[in-house]
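# Fold and geometry: a report
The chain contents come next:
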Amino acid sequence: MEIVKRESVVKEFTNESELGSADQELLAEARKVMETAYAPYSRFLVGCALRLANGVIVTGSNQENMAYPSGLCAERVAIFYAGANFPDVPVLEMAITARAKDYNVKGPIMSCGACLQSLSEYEVRFKQPIRTLLQGQDGPVWLAEEGTKTFLPFQFFVEELKR
Ligand code: THU
């Protein structure tokens, strides 16, 4: 028996001002689109901004539904829009922000497993990690330079399924 370990690394920034202007811009876009979230059930608003290799920024917010599982997270709204409208353009970077209507979101929130799996498909497709910035309402900003494998180190990937 052997122990299989995979390490995850994030960089933590106490304040957004420690980041470069392109990162600050992406976070600002995520915060802007976060306000379009349709979240009457959870009262939890999420914004996602993706920077594509052609410089376009694609955004998405969570869209809930009375039939709860029919709703969709901000990350998948954004990445599926990018896939549908810019099918050949690699996704380079992503910023995710969140706020709750009834309390303060202290520090960054992680994407859910389904979003991580969906996002990882685009990393595989374009052969590059999506550099990811995460921000709550208070607290630090996290930067995951290695993309989804930071948060989902043992993700589903089977080469043979591509045939
Ligand atoms: N949500 C996202 O949009 N992204 C995440 O990464 C986690 C959760 C949404 C789904 C739902 O509308 C609300 O947040 C509460 O779970």
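What counts as what
- Residues numbered from 1 in each chain as written.
- Predicted model: local features only at pLDDT ≥ 70, side-chain atom pairs only at ≥ 80, totals over all residues.
- Heavy atoms only, no water.
- 1 Å grid on protein atoms, 1.4 Å probe; cavity = no way out; pocket = protein on both sides within 12 Å on 5 of 7 lines; lining within 4 Å.
- Points joined across faces, edges and corners; volume = space filled by probe spheres on them.
- Nonpolar A, V, L, I, M, F, W, Y, C, P; charged D, E, K, R; others polar.
- Patch = residues over 30% accessible without salt bridge, like charges linked within 9 Å, V, L, I, M, F, W, Y side chains within 5 Å.
- Areas by Shrake-Rupley, 256 points an atom, 1.4 Å probe, with all protein chains shown as cover.
- Salt bridge = Lys/Arg side-chain N within 4 Å of Asp/Glu carboxyl O.
- Helix = DSSP H or I, 4+ residues; strand = E, 2+ residues; numbered from the N terminus.
- Buried < 20%, exposed > 50% of the residue type's maximum accessible area, 1.4 Å probe, protein only.
- Phe/Tyr/Trp six-rings, centres within 6.5 Å; stacked < 30°, edge-to-face > 60°.
- Core = buried A, V, L, I, M, F, W, Y, C linked by side-chain atoms within 4.5 Å.
- Contact = heavy atoms within 4.5 Å.
- Pairing = 2+ DSSP bridges.
- Right-handed = clockwise from strand over helix to strand, strands pointing away.
- Near = heavy atom within 4 Å.
- Polar contact = N/O pair within 3.5 Å; in protein donor to acceptor, adjacent residues only side chain to side chain.

Rolling a probe over the atoms, with the probe sized like a water molecule, indicates the empty space that remains. Overall, the coordinates contain one cavity of 30 Å³ or more when judged by the stated rule. Roughly 40 Å³ of volume is contained in the largest cavity. Around the largest cavity, the lining residues are Met94, Ile96, Ser111, Leu116, Leu119, Thr132, Leu134, Gly147, Thr148 and Phe151. Looking at the lining of the largest cavity residue by residue, the classes come out as six nonpolar, four polar and no charged.

In this section: a nonpolar patch on the surface. A cluster of nonpolar side chains, Tyr38, Tyr41, Met66 and Tyr68, forms an exposed patch at the surface whose accessible area comes to about 510 Å². Residue placement: tyrosine 41 occurs in the loop between helix H1 (21–34) and strand E2 (44–52). Residue tyrosine 41 is classed as partly exposed on the basis of its relative accessible area of 34%.

The next thing to look at is the packing of aromatic side chains. For the coordinates displayed, the defined rule picks out one aromatic pair. Considering the side-chain rings of tyrosine 41 and tyrosine 68, the 5.5 Å spacing of their centres and the 45° angle between planes classify their relative orientation as tilted. Linking tyrosine 41 in the loop between H1 and E2 with tyrosine 68 in the loop between strand E3 (57–61) and helix H2 (74–85), this pair joins segments that are 27 residues apart in sequence. The class for tyrosine 68 is exposed, based on a relative accessible area of 60%.

Turning our attention to the nonpolar core. Among the nonpolar cores identified, the biggest contains 22 residues, and Cys48, Leu50, Leu52, Ile79, Val91, Met94 and Ile130 are the most heavily contacted of them. Secondary structure elements with two or more residues in this core: E2, H2, strand E4 (91–100) and helix H3 (113–126). A per-element tally of this core places E4 first, with five residues. Setting aside anything within four residues of it in sequence, one finds leucine 52 in contact with Val58, Ala82, Phe86, Val89, Pro90, Val91 and Leu92.

For the rest of this paragraph, the subject is the pairing of E4. In terms of burial, E4 is largely enclosed, as eight of its 10 residues are buried. Both E2 and E4 contribute to a ladder of nine bridges, which runs antiparallel. Paired with leucine 50 across the bridge in E4 is methionine 94. Note: E4 against strand E5 (residues 131–135), five bridges, orientation parallel. Note that in E5 the partner of methionine 94 across the bridge is threonine 132. Chirality of the crossover, the property in question, places the unit of E4, H3 and E5 among those that are right-handed.

It is worth spelling out the site of the ligand at this point. Taken together, Ser42, Phe44, Val46, Asn62, Glu64, Cys73, Ala74, Glu75, Met110, Ser111 and Cys112 form the complete shell of residues around the ligand. Contacts to the ligand include asparagine 62, whose side-chain N or O atom sits 2.9 Å from an oxygen atom. Within the backbone of alanine 74, an N or O atom sits 2.9 Å from an oxygen atom of the ligand. In the complex, 75% of the free accessible area of the ligand, which totals 370 Å², lies under the protein chains. Breaking the shell around the ligand down by element, the ones donating at least two residues are E2 and H2. For the shell around the ligand, the per-class residue count stands at six nonpolar, three polar and two charged.

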